Amino acid sequence: YLDMYKNQSGRIASFFGMITNIDDNVGKTRKLLKDLGVHDNTIFIFTTDNGTASGRQIFNAGMRGQKGSEYDGGHRVPFFMHWPKGIKPQKKWYRSQAQLIDVFPTLLEVCGVKYPESFEDRKLPPIRGISLSPSFVGEPLERSKPMFSEHENNAFMIDGKWKLVGMG
């Protein structure tokens, strides 16, 4: 993948090579699901971990901050969920705010699985996230508490259109 970008500096070639590698492997995974005949009834999720800290100097979509930062460049990530038999594909852009902890309750709900109170005589912790399924049909998400995140010495809280940063 580095050879594909040999006209670029090492850092840029590495950054774009990594992206191309991910694109190719996501494509191979999706093709495998089709070849196995399970594509339509498989929930496929793609998201990231905020990319690389060095990638900010190459492309950061105009966002402030980088990986590990309390600003958008440090925590906004793409999230794609594809499930042909369960979610009708729509060409819509949802601006609902979500966190990784929302994926688990979403999967439980769309799969019709009830979260048990205990497992093998041990009480399970409560689910902290919310289901994202209302956004699949264009409804806003109802969040009863602000989202809070902390990373090293940085922290932020988001409540609707408001964000409080520098709480760490």
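Here the structure is a predicted model, which means the values were calculated and not measured.

> Quick rundown of the pattern of salt bridges? Include the residues and the values.
Counted under the stated rule, the structure contains 5 salt bridges. A salt bridge links Asp72 to Arg76, with the nearest nitrogen and oxygen atoms 3.7 Å apart. One salt bridge connects Lys163 with Asp72, and the closest N-O pair in it is separated by 2.5 Å. You can see Lys163 sitting in strand S7 (residues 162–165) and its partner Asp72 sitting in helix H2 (residues 72–75), a full 91 residues away along the chain. One network of salt bridges, in which partners are shared, links Asp72, Arg76 and Lys163.

> So what's going on with a nonpolar patch on the surface? Residues and values would help.
A contiguous nonpolar surface patch, about 280 Å² in accessible area, is contributed by Phe16, Met18, Ile19 and Ile22. Looking at the element boundaries, Ile19 is found in helix H1 (residues 10–35).

> An account of helix H3 (residues 103–111) is requested, with residue identities and associated values reported.
The set of residues buried in H3 consists of Val103, Pro105, Thr106 and Leu108. If you follow the buried residues of H3, they end up packed against strand S1 (44–47) and strand S2 (79–82).

> How would you summarise unusual backbone geometry if you had to cite specific residues and measurements?
Here the phi dihedral of Ala61 falls at roughly 55 degrees; this positive angle occurs in a residue that is not glycine. Inspection of the secondary structure assignment puts Ala61 in the loop between S1 and H2. Residues other than glycine seldom take positive phi values, yet Glu120 does so here, at roughly 50 degrees. Looking at where Glu120 falls in the secondary structure, it is placed in the loop between strand S3 (118–119) and strand S4 (122–123).

> Residue-level account of H1, with values.
Relative to the 38 Å expected for 26 residues at 1.5 Å per residue, H1 spans 36 Å between its end C-alpha atoms, a close match to the ideal helical length. Those residues of H1 lying buried are Ala13, Phe15, Gly17, Thr20 and Leu33. Buried residues belonging to H1 abut S1. The positive-phi residue at the C-terminal boundary of H1 is Gly37, with phi of around 75 degrees.

Basis of the calculations
- Residues numbered from 1 in each chain as written.
- Predicted model: local features only at pLDDT ≥ 70, side-chain atom pairs only at ≥ 80, totals over all residues.
- Heavy atoms only, no water.
- Salt bridge = Lys/Arg side-chain N within 4 Å of Asp/Glu carboxyl O.
- Helix = DSSP H or I, 4+ residues; strand = E, 2+ residues; numbered from the N terminus.
- Patch = residues over 30% accessible without salt bridge, like charges linked within 9 Å, V, L, I, M, F, W, Y side chains within 5 Å.
- Areas by Shrake-Rupley, 256 points an atom, 1.4 Å probe, with all protein chains shown as cover.
- Buried < 20%, exposed > 50% of the residue type's maximum accessible area, 1.4 Å probe, protein only.
- Contact = heavy atoms within 4.5 Å.
- Expected span 1.5 Å × (residues − 1).

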